Amino acid sequence: MSKPIAVNGDTAIAMAWKQINPDVVAAYPITPQTIIVEAYSDYVADGLVDTEYICAESEHSALSICVGSSAAGARVATATASAGLAFMWEMLYVSASMRTPIVMAVANRTLSGPINIHCDHSDAMGARDSGWLQIFGENVQEAYDNTLMAFRIAENMKVRLPIMTCLDGFIITHALERFEPLEDEKAKAFVGPYQPVRPLLDVKSPTTYGPIAMPEYYYEIKYQLVTAMANAMDVARQVMAEYGELTGRRYDLVEGYRTEDAEYLMVAMGSTAGTVRFVVDQLRAEGKKVGAVKVRLFRPFPTEDLVALLRGKKAVAVLDRAMSPGTGAPLYMDVVEAASQIGSPPRISNYIYGLGGRDIMPEQLSSVFGEIIEGRGERVNYLGVRK
Amino acid sequence: MNLRELTHTEERLCEGHRLCAGCAEPIIARQVLMATDKPVVVANATGCFEVSTTIYPFTAWNVPWIHTAFENAPATISGVEAAYNSLKRQGKLEGEIKFVAFGGDGATYDIGLQSLSGAIERGHDFLYVCFNNEAYMNTGIQRSGATQKGASTTTCPAGSCIPGKREFPKDLTRIIIAHDIPYAAQASPHNWKDLIEKSRKGIETHGPAFINVVSPCPRGWRHDSSQTIAISKLAVETCVWPLYEYENGEWRLTGESLRIAEGSKEKRPVSEWLSSQGRFKHLTKGKFTSVADEIQANVDKKWGELLKLSKM
Ligand SMILES: Cc1ncc(C[n+]2csc(CCOP(=O)(O)OP(=O)(O)O)c2C)c(N)n1
Ligand code: SF4
Ligand SMILES: [Mg+2]
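Heads up: these notes are all about the structure in this document. Quick caveat: nothing in here was measured; it's all calculated off a predicted structure. (Residues numbered from 1 in each chain as written. Chains lettered and ligands numbered in written order. Predicted model: local features only at pLDDT ≥ 70, side-chain atom pairs only at ≥ 80, totals over all residues. Heavy atoms only, no water.)

So, on to the overall build of chain B. Within chain B one finds 14 helices and 8 strands. Scaling as 2.2 N^0.38, a compact globule of 312 residues should have a C-alpha radius of gyration of about 20 Å, and chain B matches this with 19 Å. On the principal axes, the C-alpha backbone points of chain B span a range of 65 × 45 × 40 Å. Within chain B, the fraction of its 312 residues that count as buried is 58%. (Helix = DSSP H or I, 4+ residues; strand = E, 2+ residues; numbered from the N terminus. Rg over C-alpha atoms; globule rule 2.2 N^0.38 Å. Buried < 20%, exposed > 50% of the residue type's maximum accessible area, 1.4 Å probe, protein only.)

Below, the structure written as structure tokens:
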């Protein structure tokens, strides 16, 4: 049996990578991701992995190296955050369209400016439409578990898309928590050997990667991402089920908590999902019919799963740790889109919170429940901001 | 190496591309790829050469080829080479493969300089070849850091007040040499023997190698498409584009440049170079002729430095 240990989220990710032993890792340091690449460098220095580890001179190059390696036929991992992810932006779209199943840990941190190193989801939200899969973890255990599952989902022949394993900067990356890693052999067996598709290094059957596509082809190539995303939904479900069998930790694309007889729901991603459940328990003790929804898989967005949870509810608060100045935030938009498929949908309001690492307290979430129960609150609310 | 042998080498870049008639880029690429019969993987920066050789669903490439963006061909090939090293080390791959990256001057002197510098510093085993046509041709002849002073481009047009580009080009080859790179060279497609020999050295060098090749562009330089080779030769004969190599810390002139340095060949005036191309037309007569003198003075200064560096 595997033994529980106490490490921070970044180290847990590095440990998962070590078990998987990717052929190439290329990265560039940025807080709060840096511990991952430092820990991994130690494994490389001690000869514990076979990985070719490339210290790129920028994130743009780091991801370009990953794309080159992946196209060449290697299993590839990288990590970044915030400005680093923004700097990769051009290559995010390229890597998705080139169908390179790169696994990237994103230690969610806000974007400058002003410069701020603390947690929010605006970095990952900027990559929302790039064609990358995005999976969010709530704690150290999930950051680790998501990483093992991510390789399986991304590399599946029906998917072949890059994936971001998102973990809240500092709150998960730097917090020491007890978690249970798999034994090395179990982890390796779960992920399995890498299967390249048309690798560049197959010099006997040369492949042209990254040609120019004119208007008569571009759209169809992009549409293939839609198909791959749709497939990813089922694949993710299967992989999570298999992982549950193996570990007893049962995950789903979207996870409801005390939702069955609930009339009011609060939807969140990342570490805040735990706080929401805590508040739900408190309010349940007071007899309030509230429940929590955690979105684990953000891209593809599990619309149908969410519809099932939202149906028949009176009101829903969607917590977004990101903003879209001028309109509602991304998670809210997706939840509203899902709810539009329901005959008489719940009233849905958006609560933007925790930007730039601002703490979110249980009392604040209680009062949000209070607002939606009483039918108060704007469509888009900025929780705790000094206006 | 003789011409007869070269005609029998494998066609790695084949017919069917859509580069302009008289474009030097495919001439250079074919010469570079003739320099080895080992398998190669090619990376390409965005630019004329990339867009014209791979218009989906067609490709003019008979070897594995990858393009990911404009500024990152060195990083992309770094990744391919890293994968190769990893898979070989793990016994998952057999056989030797060589890695070559192509980029225009825009990709190399400007937007991708950091990527190139990083890849060289990390010591990846690849040859980088710059097609230096002294402007962003693919996007319609805009100035780059390689554009010659006085040249008229669409972003530094020769007007009634300003005589084209106001700055001299940066000396990229020397910037690359300052990385203590194992092998670097300047070459020209008119001297195919010199270019192929340098390419062979670059490909066989253990670690990074860089070759900067003058690449006449009939569209942007405004010359007849039949003049490409003649003009590349003139670039060397006027010492606008000296042929040399830097190997194991030693600078060495080659081809016509060596003969000019030794005194067995005439160093032609820069005015001949300027008058061969429409982009310099405004410098040959009228109020901007002093710019031509400045260019000559700069060419002489740089040539003098090169003679010293190569101990001539
Ligand atoms: C990040 C980015 N900026 C700008 C462009 C537009 N662009 C494409 S090719 C090119 C110029 C290419 O010039 P060069 O590298 O000299 O190659 P050439 O076409 O002259 O051979 C530019 C500006 C781009 N593709 N990507
Ligand atoms: S514009 Fe110039 S560089 Fe581009 S294909 Fe034509 S001749 Fe070649
Ligand atoms: Mg150019």
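Text resumes after the structure shown.
Take the site of ligand 2 next. Taken together, Leu19(B), Cys20(B), Cys23(B), Glu25(B), Cys48(B), Asn133(B), Met137(B), Cys217(B), Pro218(B) and Arg219(B) form the complete shell of residues around ligand 2. For the shell around ligand 2, the class distribution of residues is 7 nonpolar, 1 polar and 2 charged. (Near = heavy atom within 4 Å. Nonpolar A, V, L, I, M, F, W, Y, C, P; charged D, E, K, R; others polar.)

This part covers the interface of chain A and chain B. Contacts between the two partners involve 40 residues from chain A, matched on the other side by 42 residues from chain B. Between chain A and chain B lies a buried interface of about 3,000 Å² when both sides are counted; carbon and sulfur atoms form 65% of it. Contact with chain B buries area across many residues of chain A, yet Glu57(A), Leu201(A) and Ile212(A) alone supply 19% of it, more than any other trio. Here chain A is connected to chain B by 3 salt bridges. (Contact = heavy atoms within 4.5 Å. Buried area = accessible area lost by both parts, 1.4 Å probe. Salt bridge = Lys/Arg side-chain N within 4 Å of Asp/Glu carboxyl O.)

Residues and elements named next belong to chain A. Under the 1.5 Å per step criterion, the end-to-end length of helix α2 (residues 34-45) is 16 Å for 12 residues, consistent within 8% with the ideal 16 Å. Of the residues making up α2, those classed as buried are Thr 34, Ile 36, Val 37, Ala 39, Tyr 40 and Tyr 43. Turning to α2, the residues buried within the fold contact α1 (9-20), β2 (24-27), β3 (52-55), β4 (76-80) and β5 (103-108). (Expected span 1.5 Å × (residues − 1).)

In this section: the environment of Glu220(A). Residue and element names in this part refer to chain A. Within the secondary structure, Glu 220 is located in helix α9 (residues 215-247). Judged by relative accessible area, which is 46%, Glu 220 ranks as partly exposed. Between the C-alpha atoms of Glu 220 and Ser 349, which are 129 residues apart in sequence, the distance is 36 Å.

All names here are of chain A. On the basis of which strands lie adjacent, the open sheet formed by 7 strands has the order β3-β2-β4-β5-β7-β6-β13 and mixed pairing. Sheet topology places β3 and β13 (297-299) at the edges, where each strand pairs with a single neighbour. On average, adjacent strands in this sheet sit at an angle of 20 degrees to one another, irrespective of strand direction. Here strand β6 (residues 133-136) runs beside β13; their pairing, made up of 2 bridges, is antiparallel. The residue bridging Gln 134 from the neighbouring strand is Arg 299, located in β13. (Pairing = 2+ DSSP bridges. Axes fitted to C-alpha atoms, helices over the stretch in contact; angles between N-to-C directions.)

Okay, the packing of aromatic side chains next. Under the counting rule described, the total for this entry stands at 20 aromatic pairs over all chains. Where Tyr40(A) meets Tyr43(A), the ring centres are 5.8 Å apart and the plane angle is 90 degrees; that geometry is what we call edge-to-face. Of the two residues, Tyr40(A) and Tyr43(A) are both situated in helix α2; the distance of 3 residues between them amounts to about one turn of the helix. Accessibility expressed as a relative area gives 0% for Tyr40(A), which makes it buried. With a centroid separation of 5.1 Å and an interplanar angle of 80 degrees, the aromatic rings of Tyr217(A) and Tyr56(B) are classed as edge-to-face. Taken together, the positions of Tyr217(A) in helix α9 and Tyr56(B) in the loop between α3 (48-53) and β2 (65-67) put the pair across two chains. Taking the relative accessible area as the measure of exposure, Tyr217(A) reaches 33% and is therefore partly exposed. Judged by relative accessible area, Tyr56(B) falls into the partly exposed class, the value being 33%. Through pairs of rings, three or more aromatic residues link up here, namely Phe49(B), Trp61(B), Trp65(B), Phe102(B) and Phe131(B). (Phe/Tyr/Trp six-rings, centres within 6.5 Å; stacked < 30°, edge-to-face > 60°.)

Moving on, we come to the layout of surface pockets. Of the volumes computed, that of the largest pocket is approximately 1,100 Å³. If you trace the largest pocket, you find 38 residues lining it, with Ser97(A), Met98(A), Gly210(A), Pro211(A) and Ile221(A) closest to the centre. Of all the secondary structure elements, the ones that give two or more residues to the lining of the largest pocket are α3 (59-72), α5 (89-97), β9 (208-209) and α9 of chain A together with α3 of chain B. Here the residues of the lining of the largest pocket are counted per class, giving 20 nonpolar, 12 polar and 6 charged. (1 Å grid on protein atoms, 1.4 Å probe; cavity = no way out; pocket = protein on both sides within 12 Å on 5 of 7 lines; lining within 4 Å. Points joined across faces, edges and corners; volume = space filled by probe spheres on them.)

What follows deals with empty space enclosed by the protein. Residue and element names in this part refer to chain A. Tallying each qualifying case throughout the model produces 1 cavity of 30 Å³ or more. Taken together, His 121, Met 125, Met 269, Leu 319, Asp 320, Arg 321, Ala 322, Leu 331 and Tyr 353 form the lining of the largest cavity. Among the residues making up the lining of the largest cavity, the classes are represented as 6 nonpolar, 1 polar and 2 charged.

This next bit is on the pattern of salt bridges. Taken as a whole, this structure holds 46 salt bridges over all chains when the rule is applied. Here Arg122(B) and Glu57(A) are joined by a salt bridge, their closest N and O atoms 2.9 Å apart. Highlighted residues: Arg122(B) in helix α6 (residues 113-122) and Glu57(A) in the loop between β3 and α3, drawn from two different chains. Notably, a salt bridge pairs Glu96(B) with Lys38(B), separated by 3.5 Å at the nearest N-O pair. Of the two residues, Glu96(B) is situated in the loop between α4 (73-89) and β3 (98-104) and Lys38(B) in the loop between α2 (24-34) and β1 (40-44); the sequence distance between them amounts to 58 residues. Under the relative-accessibility criterion, Lys38(B) is labelled partly exposed at 24%. Linked by salt bridges that have partners in common, Glu138(A), Glu142(A), Glu255(A), Arg277(A), Lys294(A) and Arg296(A) make up one network.

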